[in-house]
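A look at the structure
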Amino acid sequence: QVQLQQSGPQLVRPGASVKISCKASGYSFTSYWMHWVKQRPGQGLEWIGMIDPSHSETRLNQKFKDKATLTVDKSSGTAYMQLSSPTSEDSAVYYCVRGYDVDYFDYWGQGTTLTVSS
Amino acid sequence: EIVLTQSPAITAASLGQKVTITCSASSSVSYMHWYQQKSGTSPKPWIYEISKLASGVPARFSGSGSGTSYSLTISSMEAEDAAIYYCQQWNYPLITFGAGTKLELK
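Residues numbered from 1 in each chain as written. Chains lettered and ligands numbered in written order. Predicted model: local features only at pLDDT ≥ 70, side-chain atom pairs only at ≥ 80, totals over all residues. Heavy atoms only, no water.

1. Some thoughts on the interface of chain B and chain A
Put simply, the test is: By the convention used here, residues are in contact when the closest approach between their heavy atoms is within 4.5 Å. Summed over both partners, the accessible area lost on bringing two parts together, with a 1.4 Å probe, is the buried area. Note on definitions: salt bridges are taken to be side-chain nitrogens of Lys or Arg within 4 Å of carboxyl oxygens of Asp or Glu. Counted as a polar contact is a pair of N or O atoms within 3.5 Å, where, for protein atoms, one must be capable of donating a hydrogen and the other of accepting one, and residues adjacent in sequence contribute only when both atoms are in side chains. Runs of H or I in DSSP of at least four residues are treated as helices and runs of E of at least two as strands, each being numbered from the N terminus.
Tallying the contact residues gives 19 residues for chain B and 22 residues for chain A. Note on chain B versus chain A: buried area summed over both sides is about 1700 Å², and carbon and sulfur give 63% of it. Run the count over chain B and chain A and you get zero salt bridges. Inspection of the chain B/chain A interface yields eight residue pairs in polar contact (both at pLDDT 80 or more). Those elements giving two or more residues to the side of chain B that touches chain A turn out to be β4 (33–37), β5 (44–48), β9 (83–91) and β10 (94–97) of chain B.

2. Examining the sheet that holds strand β7 (residues 68–73) of chain A
Residues and elements named next belong to chain A. So the rule is basically this: Here a strand pair is declared whenever DSSP counts at least two bridges between the two strands. For helices, the fitted line uses only the C-alpha atoms of the stretch in contact; every axis is such a line through C-alpha atoms, and the angle between N-to-C directions lies from 0 to 180 degrees.
Pairing is antiparallel in the open sheet, where four strands are placed in the order β1-β3-β8-β7. The sheet is open, and its two borders are formed by β1 (3–6) and β7, each paired with just one other strand. Taken over all neighbouring pairs, the strand axes of this sheet differ in orientation by 20° on average, direction set aside. Summarising the sheet, strand β3 (residues 18–25) and strand β8 (residues 78–83) pair through six bridges and their orientation is antiparallel. Bridging across to β8, Ile20 finds its partner in Met81.

3. Considerations on the state of the cysteines
Residues and elements named next belong to chain A. Quick reminder of the rule: Two cysteine sulfur atoms make up a disulfide if the distance between them is within 2.5 Å. Any residue under 20% of the maximum accessible area for its type is buried, any over 50% is exposed, and the rest in between are partly exposed; the area is computed with a 1.4 Å probe on protein chains only.
This model, assessed by the stated rule, comprises two disulfides over all chains. Across the disulfide, Cys22 is cross-linked to Cys96 (sulfur-sulfur distance 2.0 Å). Across the S-S bond of Cys22 and Cys96 the torsion is about 75°, and the bridge reads as right-handed. Here Cys22, found in strand β3, pairs with Cys96, found in strand β9 (residues 92–100); they are 74 residues apart in sequence, far enough to count as distant. For Cys22, a relative accessible area of 0% gives the class buried. Judged by its relative accessible area of 0%, Cys96 falls in the buried class.

4. Structural notes on the pairing of strand β10 (residues 104–108) of chain A
Residues and elements named next belong to chain A. The buried count for β10 comes to four of five residues, which makes it a mostly enclosed element. The pairing of β9 with β10 spans four bridges and is antiparallel. Paired with Val97 across the two strands is Trp108, which belongs to β10. Count of turn residues in the β9/β10 antiparallel hairpin: three residues, of which Asp101 carries a positive phi of about 55°.

5. Notes on the pattern of salt bridges
With the rule as written, the count across this model stands at 12 salt bridges over all chains. The salt bridge involving Glu57(A) is made with Arg59(A); its shortest N-O contact spans 2.4 Å. Residue Arg59(A) is classed as partly exposed on the basis of its relative accessible area of 23%. Counted as one network, the salt bridges with shared partners bring together Arg60(B), Glu78(B), Glu80(B) and Asp81(B).

6. Considerations on the packing of aromatic side chains
Applied cut-off: The criterion for an aromatic pair is that two Phe, Tyr or Trp rings (for Trp, the six-membered ring) have centres within 6.5 Å, with stacked assigned to planes under 30 degrees apart, edge-to-face to planes over 60 apart and tilted to the rest.
In the structure shown here, the tally under the stated rule is 13 aromatic pairs over all chains. Summarising the aromatic geometry, the rings of Trp108(A) and Tyr35(B) are spaced 5.7 Å apart at their centres and angled 70° between planes, so their arrangement reads as edge-to-face. Linking Trp108(A) in strand β10 with Tyr35(B) in strand β4, this pair reaches from one chain into another. Both residues of the pair, Trp108(A) and Tyr35(B), count as buried.

7. Things to note about the sheet that holds strand β3 (residues 19–25) of chain B
All names here are of chain B. In space, the four strands of this open sheet follow the order β1-β3-β8-β7, with antiparallel pairing throughout. The strands lining the two open edges of the sheet, one partner per strand, are β1 (4–7) and β7 (61–66). Direction aside, neighbouring strands of the sheet carry axes that sit 15° apart on average. With six bridges connecting them, β7 and strand β8 (residues 69–74) associate as antiparallel partners. For Gly65, the partnering residue across the bridge sits in β8 and is Tyr70.

Written as structure tokens, this is what we have:
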């Protein structure tokens, strides 16, 4: 069965880079775009961007172009999102999501809670 | 950028009541997807490509719409349907979500 297993919760200091992982299993990793979605406490869903694991081609929401870097490791079937210079505004739950037919989000990771605090 | 506006923002329904949630797009789009989220859990795929039910979604749910107006309907409210529902679409290069509709049991 398809599973997206994300890394655990993180507490980071403002300005310290952070990297979240998402290990995919149960399907061909390179056949589906992987997306990342942000959800701040009590708020809605916000699309960060997506990566094609086959070619490492990325498409980012321009709002996150200076914040998020998406990468993959095809050998392990793992997607990563690095957030640069985090601030309190980056405190949120981050989901990796498989994109069926690119933009239909058919499988979601369990979410990674990021807390940015000094 | 296409903006998706959901209404109502919050609503409550009694058991057995019909419920309709709407999603209005700022420009015409060709399809809409919907997701259900319950507190403390990841969103779940619910309805895709306007009217197709995701796996495991009860038949009391339906989706419809075209152009700038889409809707999710529950024919008869059940307790387990209380959740937040989000609409979502992709208008290249941006994927956007509606702000969500919170459905409560009255």
